[in-house]
Amino acid sequence: MSAQPSQLSLILHRLHTHHLLGPKLTSSADAVSYYGAVQAQDLLASLWALGQRVEGATEATVERAIAERRIVRTWTLRGTIHFVAAGDLRWMLNLSAERTFRSAARRHRELGLDDATFARSGEALVGALQGGRRLERHAAYGVLEAAGISTAGQRGIHILGRLALQGLIVIGPREGKQPTFVLLDEWVPAGREWTRDEALAELARRYFSSHGPATLVDFTWWSGLVAAEARAGLEAVKDKLAQNEIAGQVYWSDSPTAALAATAPIAHLLPIYDEYTVAYKDRSAVLAPEYAARSDAGNGIFRAPILIEGRVVGTWTRKLKRNAVVISPNLFRGMTGDEEKALAVAAEQYGVFLGLPAELARAS
């Protein structure tokens, strides 16, 4: 029989499955593998997304995992940049690329990009990158322009994204502040091949284990799969998952939703695009309707949110000074004294991640 947990238990359960409460994960590579894919189009934000979940992590240790080729940053699910464990990248591309190509076809036609252009672009960049070379984005654009391929407007970034989804290139380590591009086959050794059914089941298992309790609709949105394939993935693993019902909706997770309780207010400074907020079609559990407009950075994306006990109560920005990081909160409601103390602790944790003292500005 399905349990009937409260929404509060749902939130607390998610905080635990996201490792925002309870034990931390042991490494950045373990964290990325646990999630399957971690949204990462904003590099600095995604470094902190991993840092919050990994014991003793700093910005430098997360970037080291990229340089050591344990995690890879590239276009995958929904045609969006994610972190993926090196050993998972090829089967995930095989699962998601074709649907992304179809979704992007109209935009590619608008930009004058066709299969012949992508093929010429691939030949040019493979030639420039072979032998372990790396190119920053503008240098990669220069290679394309020299081959007679215009990168004007958004053509350049769409070409790079397409070649990444085809498994030719990935985003490499930063050089200074700029990411580089490298050849996938030189950067990450090939692993075993997965059947499509195996890949669907594995992606479903990872999602519900790391994001649950969540619905099939949530998984379909996050994965970018067609509904039938998302359902097939869940069907393949649902006997290993727990089922709960809340307000008539069926939720799946790796364990039953128990009556969890927070002993004191806990605050989190989440980055933009954090999996806790962005990885669900229905985000109403963590964001009250009256706060939605103030949290929206456009296209339904959360601004970097402040959580108290798992719910969004404001947003925050940072400013780096020579010897400190200044965190400026924008609160949607008043806070108790205990909540203010929890927010100060969260700010201090972010400072430790950056290796800088944190200064918490007066809330606006």
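Just above sits the structure.
Right, let's walk through the structure included here.

Calculation criteria
Residues numbered from 1 in each chain as written. Predicted model: local features only at pLDDT ≥ 70, side-chain atom pairs only at ≥ 80, totals over all residues. Heavy atoms only, no water. Axes fitted to C-alpha atoms, helices over the stretch in contact; angles between N-to-C directions. Helix = DSSP H or I, 4+ residues; strand = E, 2+ residues; numbered from the N terminus. Parallel < 35°, antiparallel > 145°, perpendicular 65-115°, else oblique. Contact = heavy atoms within 4.5 Å. Core = buried A, V, L, I, M, F, W, Y, C linked by side-chain atoms within 4.5 Å. Buried < 20%, exposed > 50% of the residue type's maximum accessible area, 1.4 Å probe, protein only. 1 Å grid on protein atoms, 1.4 Å probe; cavity = no way out; pocket = protein on both sides within 12 Å on 5 of 7 lines; lining within 4 Å. Points joined across faces, edges and corners; volume = space filled by probe spheres on them. Nonpolar A, V, L, I, M, F, W, Y, C, P; charged D, E, K, R; others polar.

Now for the packing of helix α6 (residues 115-129) against helix α8 (residues 155-165). Here α6 crosses α8 at 80°, and the two axes come no closer than 10 Å. On the basis of the axis angle, α6 is roughly perpendicular to α8. Contacts from Asp115, Thr117, Phe118, Ser121, Gly122 and Leu125 in α6 reach Arg155, His158, Ile159, Leu160, Arg162 and Leu163 in α8.

The next thing to look at is the nonpolar core. Counting residues in each nonpolar core, the largest one holds 95 residues, and the members touching the most others are Phe83, Leu203, Phe208 and Phe219. With near-sequence residues (within four places) excluded, Leu203 lies in contact with Leu77, Trp91, Met92, Leu95, Phe219, Trp222, Ser223 and Leu225. Membership of the second largest hydrophobic core comes to 18 residues, among which are Leu15, Leu270, Val286 and Phe302.

Evaluated as defined, the whole model comprises one cavity of 30 Å³ or more. Computed from the structure, the largest cavity encloses a volume of approximately 40 Å³. Surrounding the largest cavity, Leu43, Glu63, Ile66, Arg73, Ile171, Gly172, Pro173, Arg174 and Pro179 form its lining. Elements that contribute at least two residues to the lining of the largest cavity include exactly α4 (59-67) and β5 (169-175). A per-class count over the lining of the largest cavity returns five nonpolar, one polar and three charged.

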